[in-house]
Amino acid sequence: MAAGPVTERNQDATTYVGGLDEKVSESLLWELFLQAGPVVTVHMPKDRITLNHMGYGFVEFLAEDDADYAIKIMNMIKLFGKPIRVNKASAHQKNVDIGANLFIGNLDPEVDEKLLYDTYSAFGVILTTPKIMRDPESGNSKGFAFVNFASFDASDAAIEAMNGQFLCNRAITVSYAYKKDTKGERHGTGAERLLAAQNPLNIADRPHQMFADSPIAATYPSRPPVALTPGLPPPMGMGLPHPMGAGLP
């Protein structure tokens, strides 16, 4: 299932899949994404020392339409309790962290990563899955989170529109997060904005703003049966594998 060099991969038909739990395997991704269309390759880069995957992977489809469909139905579903991030591999390569990082405070315990993603992606491209700080033992939310945008236009709009608004019956606070290893300096500085202006976000990289709740088949129109491509590994079954199914909401 390993992919060839990036230059040999059809980037327009390839999705980047991030936020993967350590228990996710290439065969599991193959089985899951096969529901969106014929899969050509699945590749999860691994640490050279531990040989564990690095929390992300790439899924190449036969057609760009299949990759687009996978993004619509797979983005932010949960695998082993963790929401995954699915977007175009080409967009993932172009978008870099510019410092448009927001702090979201006074969150209701019921607010999860998907709700934050669905809410804030309306303002622009979100680089990574929103990070809700949780108690390591109970897994309960500590009441605050971080959202990392790909542009300051998006983060500025989010602050203006969302600060003081109610989310799950609580008025939330939205501001620029403090920088790490600094004495009280927040993101959103003039220097960061100047650097960001040198790497403008392409308008084509706007988020698709379509989100999925599992079970997938019950929420979205069914696709025609997938014809297996000769020479490719057979799927483990057309349904979701048992270990992953337990992690879906």
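Numbers given for residues are sequential positions, taken from 1 along each chain in its written order. It should be noted that, the model being predicted, local features are given only for residues of pLDDT at least 70 and side-chain atom pairs only at 80 or more, the latter also being counted only at that level, while totals for whole chains, interfaces and linings use all residues. As a rule here, side-chain values come from all non-hydrogen atoms in the structure, and water together with hydrogens is ignored.

### Re the overall build of the protein chain
Piece 1. The numbering of helices and of strands both runs from the N terminus, where a helix is a DSSP run of H or I of at least 4 residues and a strand a run of E of at least 2. Secondary structure summary: the protein chain contains 8 helices and 12 strands in total.
Piece 2. The proportion of buried residues among the 249 residues of the protein chain is 47%.
Piece 3. Counted over contacts in the protein chain with a minimum sequence separation of 6, partners at least 24 positions apart contribute 69%.
Piece 4. If you sum the accessible surface of the protein chain, you get close to 13000 Å²; carbon and sulfur atoms cover 55% of it. Only protein chains enter the accessibility calculation, which uses a 1.4 Å probe. A residue is then buried if its area is under 20% of the maximum for its type, exposed if over 50%, and partly exposed in between. For this analysis, residues touch if any pair of their heavy atoms sits within 4.5 Å. Per-residue and other accessible areas follow the Shrake-Rupley method at a 1.4 Å probe size, with only the shown protein chains counted as cover for residues.

### Details of the sheet that holds strand S8 (residues 131-134)
Piece 1. Note: two strands are recorded as paired if DSSP finds a minimum of 2 bridges between them. Here 4 strands make up an open sheet; going across it, the order is S8-S9-S7-S12 and the pairing antiparallel. A strand with exactly one partner marks an edge of an open sheet, and here the two such strands are S8 and strand S12 (173-176). Shown here is a sheet whose adjacent strand axes are inclined to one another by a mean of 25°, direction ignored.
Piece 2. Relative to strand S9 (residues 141-149), S8 runs antiparallel, the two being bridged by 3 bridges. When the bridges of S9 are listed, Ile132 appears paired with Ala145.
Piece 3. Every axis in this analysis is a line fitted to C-alpha atoms, fitted for helices over the stretch in contact. Angles between the N-to-C directions lie between 0 and 180 degrees. Seen against the sheet, helix H5 (residues 152-162) touches strand S7 (100-105), S9 and S12 and runs at an angle of roughly 150° to S12.

### Digging into the pairing of S9
Each regular strand displays side chains that alternate between the two surfaces of the sheet.
Piece 1. As paired elements, S7 and S9 share 6 bridges and run antiparallel to each other. Within S9, the position partnered with Asn101 by the bridge is Asn148.
Piece 2. What sits between S8 and S9 in their antiparallel hairpin is a turn of 6 residues, with Gly139 showing a positive phi close to 80°.

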